[in-house]
Number of protein chains: 2
Amino acid sequence: MSMGRMARGSPKAGRRAETRTKAQIVEAAIAILDAEGEASLTFRALAARLSTGAGAIYWHVANKDDLLAAATDQVVSHAMATIDANAAAAEDAIRAISLAVFDAFDAHPWIGDQLSLAPGRSGMLQVFEAIGSRLEPLGVPQGARFDAWSALVNYIFGVAAQNADNARRVTGEMTREALLETIAGNWSRLDATEYPFLHEIAACLPGLDDREQFLAGINLILGGIFSAL
Amino acid sequence: MSMGRMARGSPKAGRRAETRTKAQIVEAAIAILDAEGEASLTFRALAARLSTGAGAIYWHVANKDDLLAAATDQVVSHAMATIDANAAAAEDAIRAISLAVFDAFDAHPWIGDQLSLAPGRSGMLQVFEAIGSRLEPLGVPQGARFDAWSALVNYIFGVAAQNADNARRVTGEMTREALLETIAGNWSRLDATEYPFLHEIAACLPGLDDREQFLAGINLILGGIFSAL
DNA sequence: ACCTGAACACCGTTCAAGT
DNA sequence: ACCTGAACACCGTTCAAGT
């Protein structure tokens, strides 16, 4: 009665699986993205890795956008799974969740603009809920909760995505450190009357830690939330 | 002595220009992007609009990334030009600049991840400087200025880019309003013990104004900056 | 110095045909 | 129900040849 897909003997052992699941396809896509980058994820390469034809993938996935969205969601879900839900006080929990998302994006810089609030993305929902549920214990009154949640969640995903985008540009001979030095050099050479601030602040760029800057922003938002209580 | 490219008679009038500038190419690219979307900007379409061959574009532009980066920078530059530098007090100026970037991204939703701190992008530099130079008049001491600037600038570009990405998904039959209703419906149907916050907050989604939420986040960051003074 | 446009080496996606 | 792989309709990019 067509139960042939249930595990027979040890799962994934024995003969090559004759049927793929969407999860397996997404897993293989993530492996290619991590190892070779966004440009190397083609349906042909993915099919080759799965020992099948390109068309087979379309049975499980609507199109490439769907595939990338599923891959992104899987990565976010996995990042959330590393967080111990009850370990920390609410404020520290918000920082931990934020950094987990940031680190996940940093480790998988192919995550671009595949985010969206689109329905059905459970990883995103986990983050949304995890941040939002910490606001009441923090003493944020009901009327202020939505704005606080929105600012945090927008900041987390917006800045993490932008950082991932920056990370994507650091390739091969151009290290991140060298890139910051170059930008600092350009800024310090700007006209000091037209660009006084950038001229002055250029010195801060070398050695900058994006993760710390990300967290500093989270702390400023938290500070704004507290000061409004 | 090869001065043939200087304006002869009225510029852009008379016979078809025999030579294109990078600015003209970028302008034509923006026109296509705005009118027909990201997928319609091909080198063939762009060449057709400029009455030339595809290869000619490569004389002025390194590749498609370069073209998109230049288009993005042009849009940001133009948005900054609409801001009266001395009109408002520092705090209001920061809000005005933020909203100008947000609105520019919203009006040109093809702006995706073409941002980066890459050198030579003058539009970005204008925003960086305009935000940064408002911090001292606001009373932010030197030691706190970099973090405050970084949080604001990261938030502005990160959230504006993400909003543009969301706007890109609203096409044809699916209006933004309908999308929010759908998401609200999904969230309100989530398990109330596993997702209490989303369950509760779903009612806030319909009619949500992204621009107001964006500004609420700016205000929270400003609040955090002030409370640390 | 700049343009032309054919050619190259790919893509995502579809679909008749298989099992 | 799911796979196969050739075929279609494109792309970005290059480059010899032109002016």
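Note that the structure is predicted; figures quoted are calculated from it, not measured. (Residues numbered from 1 in each chain as written. Chains lettered and ligands numbered in written order. Predicted model: local features only at pLDDT ≥ 70, side-chain atom pairs only at ≥ 80, totals over all residues. Heavy atoms only, no water.)

Draft legend 1. Here's a closer look at the environment of K22(A). Residues and elements named next belong to chain A. Among the secondary structure elements, K22 is positioned in helix 1 (residues 22-36). When the C-alpha positions of K22 and L46 are compared, they lie 13 Å apart, and in sequence the two are 24 residues distant. Sequence-distant contacts of K22, defined by excluding residues within four places in its chain, comprise H60, V61, D66 and A70. Within polar-contact distance, the side chain of K22 engages the side chain of D66 at 3.4 Å. (Helix = DSSP H or I, 4+ residues; strand = E, 2+ residues; numbered from the N terminus. Contact = heavy atoms within 4.5 Å. Polar contact = N/O pair within 3.5 Å; in protein donor to acceptor, adjacent residues only side chain to side chain.)

Draft legend 2. Spatial organisation of the environment of Q24(A). Residues and elements named next belong to chain A. Topologically, Q24 is positioned in helix 1. Residue classification places Q24 among the partly exposed positions, given a relative accessible area of 24%. A C-alpha to C-alpha distance of 26 Å links Q24 and F157, two positions 133 residues apart in sequence. The contact partners of Q24, leaving out residues within four places of it in the chain, are T19 and L50. (Buried < 20%, exposed > 50% of the residue type's maximum accessible area, 1.4 Å probe, protein only.)

Draft legend 3. Region of the structure containing the relation of the copies chain A and chain B. Once turned by 180° and shifted 0.0 Å along the axis, chain A lies on chain B with an RMSD of 0.0 Å. The transformation just described matches what one would write down for a two-fold rotation axis. A high fraction, 100%, of the interface residues of chain A reappear at the interface in chain B, so the copies pair face to face through one surface. (Least-squares fit on C-alpha atoms with pLDDT ≥ 70 in both.)

Draft legend 4. Summary view of helix 4 (residues 64-81) of chain A. Residues and elements named next belong to chain A. Counted at 1.5 Å a residue, the expected span for helix 4 with its 18 residues is 26 Å, and the 26 Å between its end C-alpha atoms agrees. Counting buried positions along helix 4 yields 13 of 18 residues, so the element is predominantly enclosed. One side-chain oxygen at the N-terminal end of helix 4 lies 3.2 Å from the backbone nitrogen of D65; it belongs to N63. (Expected span 1.5 Å × (residues − 1).)

So yeah, pure geometry; function would need other evidence.
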